[in-house]
Amino acid sequence: MILIDGNRRSYKGNTHVHTTCSDGRATPEQVMRMYRDAGYDFLAITDHWRVSPARRYEGMLVMSGIECDFSFPDQVLHIVGIFRDEAAVENFPAKKQMNHEECLEQICRRGGIAIVAHPAWSLNTVSMLANLKHVCAAEVYNTVSGTPWNAQRADSGGVLDLLAASGRLIPQVAADDAHFYSGEETRSWTMLQADALEPDAILDAFRKGRFYASQGPEILDAELTDTELILHTSPVSMCVFYSNLPWVTGRCRTGQGMTEHIYRLQRAAGERFVRCEVTDAAGNRAWLSPVCLKP
């Protein structure tokens, strides 16, 4: 099974960012300029409970987006919705008019995709995440959810591993969730293999899971066979394979300039999923989404 196709074009995008239209400290124009100058191909502005307009900004595709937030006694749940344009989100219900389940249904009904934002920062439980419907992806990494902007809850790999071990695998993206523009912007992104830099093609690629999360390292290709998970990447200094098994010999490898990574699946030991994380010499990471290992 081809997970990342080395022959396909990849587009760099950010799916979660804020502006002065809600609680961000940069205007939409400033934000678009920052991401365009940093080489991004697409961007979704996702202000809280406010739909952003779609447009082209100097060749960068800007898609309509929104972030909806819900509070519970032991956690919060933030949902990012991305749409082809603002017309699809016309008359989107206000916060007091729906609960989180209705929000996910509304996003799906309007042709959008729903992403669970910063599960670790939100203290999301496995039971909460497992019961969510119409979810396309979850943020494995959210830049502003770490220091020096927040407590160190940027990495949601742990809770998403527990979720995958319970049987619910959700593809993973990375995003900045930029608010302050004091260094958290243009740090984490998603590389998406779409047929074209057009709204419908971007949404289709998300639905088909043709993407990986990164802060720098490139996943050039990835393939799952009956016995192995095989990746080729840009040079990295660490590669770690995660699964539902607490202990696997050789799942963590270190070295200089490593580009090929082969993991022998442990199906006989009851391995049900596997994902991969690579780190380059500068400490930047890339994440391959969890893959289901069918019996």
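Just above, that's the structure.
Let us look at the structure shown here. (Residues numbered from 1 in each chain as written. Predicted model: local features only at pLDDT ≥ 70, side-chain atom pairs only at ≥ 80, totals over all residues. Heavy atoms only, no water.)

A word on the overall build of the protein chain
(1) Moving on: Each helix and strand counted, the protein chain has 5 helices and 16 strands in total.
(2) Moving on: Principal-axis analysis of the C-alpha atoms gives the protein chain an extent of 50 × 40 × 35 Å.
(3) Moving on: Per-residue burial for the protein chain yields a buried fraction of 55% across its 295 residues.
(4) Moving on: Pairs at least 24 apart in sequence give 62% of the contacts found in the protein chain among residues at least 6 apart.
(5) Moving on: When the accessible surface of the protein chain is split by element, carbon and sulfur atoms take 50% of a total near 12600 Å².
(6) Moving on: Within the protein chain, one finds 29 positive and 36 negative side-chain charges whose respective centroids are separated by 3 Å. (Helix = DSSP H or I, 4+ residues; strand = E, 2+ residues; numbered from the N terminus. Buried < 20%, exposed > 50% of the residue type's maximum accessible area, 1.4 Å probe, protein only. Contact = heavy atoms within 4.5 Å. Areas by Shrake-Rupley, 256 points an atom, 1.4 Å probe, with all protein chains shown as cover. Lys, Arg positive; Asp, Glu negative; His and termini not counted. Charge placed at Lys NZ, Arg CZ, Asp CG, Glu CD.)

Thoughts on the pattern of salt bridges
(1) Moving on: What the rule picks out here adds up to 14 salt bridges.
(2) Moving on: The shortest N-O distance in the salt bridge between aspartate 85 and arginine 84 comes to 2.8 Å.
(3) Moving on: Judged by relative accessible area, arginine 84 falls into the partly exposed class, the value being 36%.
(4) Moving on: Across the salt bridge formed by aspartate 155 and arginine 285, the nearest N and O atoms sit 2.7 Å from each other. Of this pair, aspartate 155 sits in the loop between strand 8 (137–142) and helix 4 (157–165) while arginine 285 sits in strand 16 (residues 285–292); the two residues are 130 residues apart in sequence, bridging distant segments of the chain.
(5) Moving on: Beyond isolated ion pairs, a larger network of salt bridges with shared partners links Asp155, Asp161, Arg275, Glu277 and Arg285. (Salt bridge = Lys/Arg side-chain N within 4 Å of Asp/Glu carboxyl O.)

Observations concerning the pairing of strand 9 (residues 172–175)
(1) Moving on: Burial along strand 9 is two-sided: Gln172 and Ala174 and Val173 and Ala175, pointing in opposite directions, are all buried.
(2) Moving on: Each parallel crossover has a hand, and the one from strand 8 via helix 4 to strand 9 is right-handed. (Right-handed = clockwise from strand over helix to strand, strands pointing away.)

Here's the deal with helix 1 (residues 28–37)
(1) Moving on: The set of residues buried in helix 1 consists of Val31, Met32 and Tyr35. Within helix 1, the buried residues cover an arc of 95° as seen down the axis, which keeps them to one side.
(2) Moving on: The inward-facing, buried residues of helix 1 contact strand 2 (11–14), strand 3 (42–44), strand 4 (55–57) and strand 5 (60–72).
(3) Moving on: Glycine 39 lies just past helix 1 and shows a positive phi near 90°. (Arc of directions from axis to C-beta.)

Re the nonpolar core
(1) Moving on: Ranked by size, the top nonpolar core spans 38 residues in total, and within it Leu229 and Leu288 carry the most contacts.
(2) Moving on: Top contributing element to this core by residue count: strand 13 (residues 228–243), with 5 residues.
(3) Moving on: Each residue touching leucine 288, except ones within four places of it in the same chain, is listed here: Leu3, Ile4, Gln172, Ile219, Ala222, Leu229, Leu231, Arg275 and Cys276.
(4) Moving on: Among the nonpolar cores identified, the runner-up in size contains 29 residues, and Ile66, Cys68, Phe92 and Tyr141 belong to it. (Core = buried A, V, L, I, M, F, W, Y, C linked by side-chain atoms within 4.5 Å.)

Focus on the environment of arginine 84
(1) Moving on: Relative to the helices and strands, arginine 84 resides in the loop between strand 6 (75–83) and helix 2 (100–109).
(2) Moving on: The sequence separation of arginine 84 and histidine 261 amounts to 177 residues, and the corresponding C-alpha distance is 36 Å.
(3) Moving on: A polar atom in the side chain of arginine 84 sits 2.8 Å from the side chain of aspartate 85.
(4) Moving on: At a separation of 2.9 Å, a polar atom in the side chain of arginine 84 contacts the side chain of aspartate 200. (Polar contact = N/O pair within 3.5 Å; in protein donor to acceptor, adjacent residues only side chain to side chain.)

Side note on the side chain of arginine 275
(1) Moving on: Structurally, arginine 275 can be placed in strand 15 (residues 273–279).
(2) Moving on: Here the side chain of arginine 275 touches aspartate 161 through a polar contact of 2.6 Å, side chain to side chain.
(3) Moving on: Excluding residues that lie within four positions of it along the chain, arginine 275 makes contacts with Gly157, Asp161, Gln172, Val240, Phe241, Tyr242, Trp287, Leu288, Ser289 and Pro290.

Looking at the packing of aromatic side chains
(1) Moving on: For the structure on display, the rule yields 8 aromatic pairs.
(2) Moving on: Taking 4.8 Å as the distance between ring centres and 80° as the angle between the ring planes, the aromatic pair formed by tyrosine 35 and tyrosine 40 counts as edge-to-face. Here the two residues tyrosine 35 and tyrosine 40 agree in accessibility, since each one is buried.
(3) Moving on: Ring centres 6.4 Å apart and planes at 65° place the aromatic pair phenylalanine 83 and phenylalanine 92 in the edge-to-face group. (Phe/Tyr/Trp six-rings, centres within 6.5 Å; stacked < 30°, edge-to-face > 60°.)

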